[in-house]
Amino acid sequence: MVSENLQLVKRDREPVSSWALYHLLKWSVISPVLHSYFRVRIYGAERVPKTGPLIVASNHASDFDPPIVANCTGRPVAFMAKEELFNVPLLAPAIRLYGAYPVKRGTGDRGAIRAAMDYLDAGWAAGVFIDGTRRPDGRIHNPKLGAALIAAKTQTPLLPMSLWGTEQIFAKGKVPCPVSVTVRIGELIDPPRSSNRAELEAVTQRCTDAIHALHALGR
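A quick note: this is a predicted structure, and the numbers were derived from the prediction, not measured.

As a further point, take a nonpolar patch on the surface. A contiguous nonpolar surface patch, about 220 Å² in accessible area, is contributed by Val29, Val33 and Tyr37. By the secondary structure assignment, Val33 is in helix H1 (residues 16-36).

Take the pairing of strand S4 (residues 100-103) next. The side chains of a regular strand alternate, residue by residue, between the two faces of the sheet. Looking at chain direction, strand S3 (residues 77-82) and S4 are connected through four bridges and run parallel. Opposite Met80, over in S4, you have Tyr101 as the bridge partner. Following the backbone out of S3, through helix H3 (residues 91-98) and into the adjacent parallel S4, one traces a crossover that is right-handed.

For the rest of this paragraph, the subject is the nonpolar core. Ranked by internal contacts, the top residues of the largest apolar core, which has 29 residues, are Ile55, Tyr101, Ile130, Ile150 and Leu158. For this core, the elements supplying multiple residues, two or more each, are strand S2 (54-58), S4, helix H4 (108-121), strand S5 (125-129), helix H5 (146-154) and helix H6 (197-215). With seven residues, the top contributor of residues to this core is H4. Excluding anything up to four places from it in sequence, Leu158 contacts Ile55, Ala147, Ala148, Ala151, Glu187, Leu188, Ile189, Asp190, Pro191, Val203 and Cys207.

On inspection of all chains with the given rule, the structure shows zero disulfides. The structure places no disulfide on Cys72, whose sulfur is separated from the nearest cysteine sulfur, that of Cys207, by 18 Å. The class of Cys72 is buried, set by a relative accessible area of 5%. With a relative accessible area of 1%, Cys207 lands in the buried category.

A few words now on the pattern of salt bridges. Under the counting rule described, the total for this entry stands at eight salt bridges. Between Glu14 and Arg13 there is a salt bridge, with the nearest N and O atoms lying 2.8 Å from each other. Assessed through its relative accessible area of 3%, Glu14 is described here as buried. The closest approach of N and O atoms between Asp118 and Arg114, which form a salt bridge, is 3.0 Å. Pair noted here: Asp118 and Arg114 are both in helix H4, with a separation of four residues, about one helical turn. A residue is classified by how much of its surface remains accessible, and Asp118, at 6% relative accessible area, is buried. Taken together, the shared-partner salt bridges in this structure form one network comprising Arg13, Glu14 and Arg75.

Analysis parameters
- Residues numbered from 1 in each chain as written.
- Predicted model: local features only at pLDDT ≥ 70, side-chain atom pairs only at ≥ 80, totals over all residues.
- Heavy atoms only, no water.
- Patch = residues over 30% accessible without salt bridge, like charges linked within 9 Å, V, L, I, M, F, W, Y side chains within 5 Å.
- Areas by Shrake-Rupley, 256 points an atom, 1.4 Å probe, with all protein chains shown as cover.
- Salt bridge = Lys/Arg side-chain N within 4 Å of Asp/Glu carboxyl O.
- Helix = DSSP H or I, 4+ residues; strand = E, 2+ residues; numbered from the N terminus.
- Pairing = 2+ DSSP bridges.
- Right-handed = clockwise from strand over helix to strand, strands pointing away.
- Core = buried A, V, L, I, M, F, W, Y, C linked by side-chain atoms within 4.5 Å.
- Buried < 20%, exposed > 50% of the residue type's maximum accessible area, 1.4 Å probe, protein only.
- Contact = heavy atoms within 4.5 Å.
- Disulfide = S-S within 2.5 Å.

Below you can see the structure in the form of structure tokens.
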């Protein structure tokens with residue numbers, strides 16, 4: 001359980017060890033790859049709160065999206081990962097420090113929501129793909145209420161983020177293509193005041209509209 005791996009004292013940011021590992025990997029590996037191989041452009045980075053719980057809500061088209069989101073957010077972002085990865089001895093502690101948390105196949109939204117809430121309580125940013133799955137056109141087709149529900153339960157603001165071009169990374173097979181990727185970050189959106197379905201749907205639609213508007217700007 002995530003709660004067993006975190007000291008759930010309300011605080012403004014993630015543990016120092018996770019912050020240090022994030023920046024080590026960002027500047028030594030992830031950022032050089034993104035800016036040279038994928039020619040990433042980032043717009044709106046100044047809108048990201050540097051501390052405090054935050055939900056980063058974005059579209060989803062590629063397996064590369066989680067590290068791209070974390071890199072462009074400028075702080076560790078907790079994402080769910082398949083449970084099997086946490087059985088690998090050397091990999092498991094590293095990805096836990098980097099912010100990955102295990103979710104069992106079949107438990108779905110309940111496990112992911114509980115884990116995300118635990119990380120937010122510990123001062124992390126949590127990443128949520130609003131559609132819940134990859135889409136080949138990079139747009140949101142069937143927005144889920146999970147991000148808004150987490151925001152309502154924790155009273156955490158949502159940050160809409162658009163990933164443009166990541167759907168082309170594996171367009172020619174299993175080898176990543178050196179495509180151009182553009183990341184646009186929108187304005188913070190206040191959380192729903194309650195878990196009332198109508199409020200969740202309204203905030204979810206607002207996030208979706210913001211992401212689509214950013215995505216439509218293209219490169």
